[in-house]
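# Structural characterization, general
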Amino acid sequence: MDQLATIALVILIGAVVGVLMEKATMYLIKQRVNTLMHHQFSGSLTKTIFWAMMNAITWLIFVKLNGLESKTLECMLLFSIGIILSAVDISIKKIPNELVLMTIFVGGAFIITGQPITSIGMNVFGLLIGFVIFFLPAMIGKGAGWGDVKYAAAVGFCVGAYGIISAIMIMTFFLMIYAGYLIIRGKGNLKSKVALEPFMASGFVSVLILNLINSNYHLFEFGMLF
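For clarity, every value in this text was computed on a predicted model and none was experimentally measured.

Where helix H2 (residues 45-66) contacts helix H3 (residues 70-92), the two axes come as close as 9 Å, and the packing angle between them is 150°. Relative to H3, the element H2 is oriented roughly antiparallel. Viewed along their axes, H2 and H3 form a crossing whose handedness is right-handed. Across the interface between the two elements, Trp-51, Met-54, Asn-55, Thr-58, Trp-59, Phe-62, Val-63 and Asn-66 of H2 pack against Lys-71, Thr-72, Cys-75, Met-76, Phe-79, Ser-80, Ile-83 and Ala-87 of H3. Of the residues assigned to the contact of H2 with H3, the class counts are 10 nonpolar, five polar and one charged.

Here it is in structure tokens:
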């Protein structure tokens, strides 16, 4: 398949999946609320086109970074799941268990088929790190919810011990930028409650992208982002 045909196919499939992501987001929200609500992520043709183009362009970026490889497919799927999770969390402050399980399933499938069985220990360790770091705040009701705990554990399983630490560092950086924005605009302060999922997913996707770049260009000689 030539390059132009590959690009066209990735954009087409990515756009179709993007539209399905919008539908899935609305379905998951409706299953969890009993009252009618305004859906900020759906309800117009413009928003549907945005979903389609956002997913298509991001998938194309992954393919450009790493080609049509199994690792690329893993990143594409995990990105799309993370977007749906983020949209649901922003809308109703809930994280569907179905999407957490999908994250573990996708990550686990590529872990089992893509690396020696002896290396899976680091992924299990990453799951434990993600769980413990978010479990304590959830226990005292400060910042994290139980959905965040489960998703952090899933992310840790997908990217391993070093990856989850890196993802949390990047997430914290994005949270600091957002907190600064709230303070400057007078819309909140450091104690304002926000949906953590978009920031967690941003850290997760950032690690996936950095790993793809590093696998091709070997920019990092240390394990933190590996």
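Taken as a whole and assessed by the stated rule, the structure comprises seven aromatic pairs. Taking 6.3 Å as the distance between ring centres and 65° as the angle between the ring planes, the aromatic pair formed by Phe-62 and Phe-79 counts as edge-to-face. Residue Phe-62 is found in helix H2, and its partner Phe-79 is found in helix H3; the two are separated by 17 residues along the sequence. Judged by relative accessible area, which is 1%, Phe-62 ranks as buried. Aromatic side chains Tyr-178 and Tyr-181 sit 6.2 Å apart centroid to centroid with 25° between the ring planes, which places their arrangement in the stacked category. With Tyr-178 and Tyr-181 both in helix H6 (residues 146-185) and three residues apart, this pair spans about one turn of that helix. By relative accessible area, which is 32% here, Tyr-178 ends up partly exposed. Feature note: the residues Phe-131, Phe-135 and Trp-146 constitute an aromatic cluster, connected by ring pairs.

As enumerated under the stated definition, the model contains two salt bridges in all. Glu-98 is paired through a salt bridge with Arg-32; the nearest N and O atoms lie 2.7 Å apart. Of this pair, Glu-98 sits in helix H4 (residues 97-114) while Arg-32 sits in the loop between helix H1 (3-30) and H2; the two residues are 66 residues apart in sequence, bridging distant segments of the chain. Salt-bridge contacts for Glu-74 lead to Lys-71; the nearest nitrogen and oxygen are separated by 2.9 Å. With Glu-74 and Lys-71 both in helix H3 and three residues apart, the pair spans about one turn of that helix.

Considering the arrangement of structural elements, one finds Phe-173 in helix H6. Phe-173 sits in the partly exposed class, given a relative accessible area of 48%. Sequence spacing of Phe-173 and Phe-199 is 26 residues, and the spatial spacing of their C-alpha atoms is 9.0 Å.

Once that is clear, we can look at the environment of Leu-65. Looking at the secondary structure, you find Leu-65 in helix H2. The class for Leu-65 is partly exposed, based on a relative accessible area of 23%. What Leu-65 contacts, discounting residues up to four positions off in sequence, is Ile-209, Ile-213 and Asn-216.

With that out of the way, let us pick up the nonpolar core. In terms of nonpolar packing, the biggest core is built from 52 residues, with Phe-62, Phe-134, Tyr-151, Val-159 and Phe-204 touching the most fellow members. Secondary structure elements with two or more residues in this core: H1, H2, H3, H4, helix H5 (120-139), H6 and helix H7 (197-217). Looking at this core element by element, the count peaks at 13 residues for H6. Among all residues touching Phe-62, those that are not within four sequence positions of it are Gly-67, Thr-72, Cys-75, Met-76, Phe-79, Val-205, Ile-209 and Leu-212.

Conventions we followed
- Residues numbered from 1 in each chain as written.
- Predicted model: local features only at pLDDT ≥ 70, side-chain atom pairs only at ≥ 80, totals over all residues.
- Heavy atoms only, no water.
- Axes fitted to C-alpha atoms, helices over the stretch in contact; angles between N-to-C directions.
- Helix = DSSP H or I, 4+ residues; strand = E, 2+ residues; numbered from the N terminus.
- Parallel < 35°, antiparallel > 145°, perpendicular 65-115°, else oblique.
- Left-handed = near helix turned anticlockwise from the far one by under 90°.
- Contact = heavy atoms within 4.5 Å.
- Nonpolar A, V, L, I, M, F, W, Y, C, P; charged D, E, K, R; others polar.
- Phe/Tyr/Trp six-rings, centres within 6.5 Å; stacked < 30°, edge-to-face > 60°.
- Buried < 20%, exposed > 50% of the residue type's maximum accessible area, 1.4 Å probe, protein only.
- Salt bridge = Lys/Arg side-chain N within 4 Å of Asp/Glu carboxyl O.
- Core = buried A, V, L, I, M, F, W, Y, C linked by side-chain atoms within 4.5 Å.

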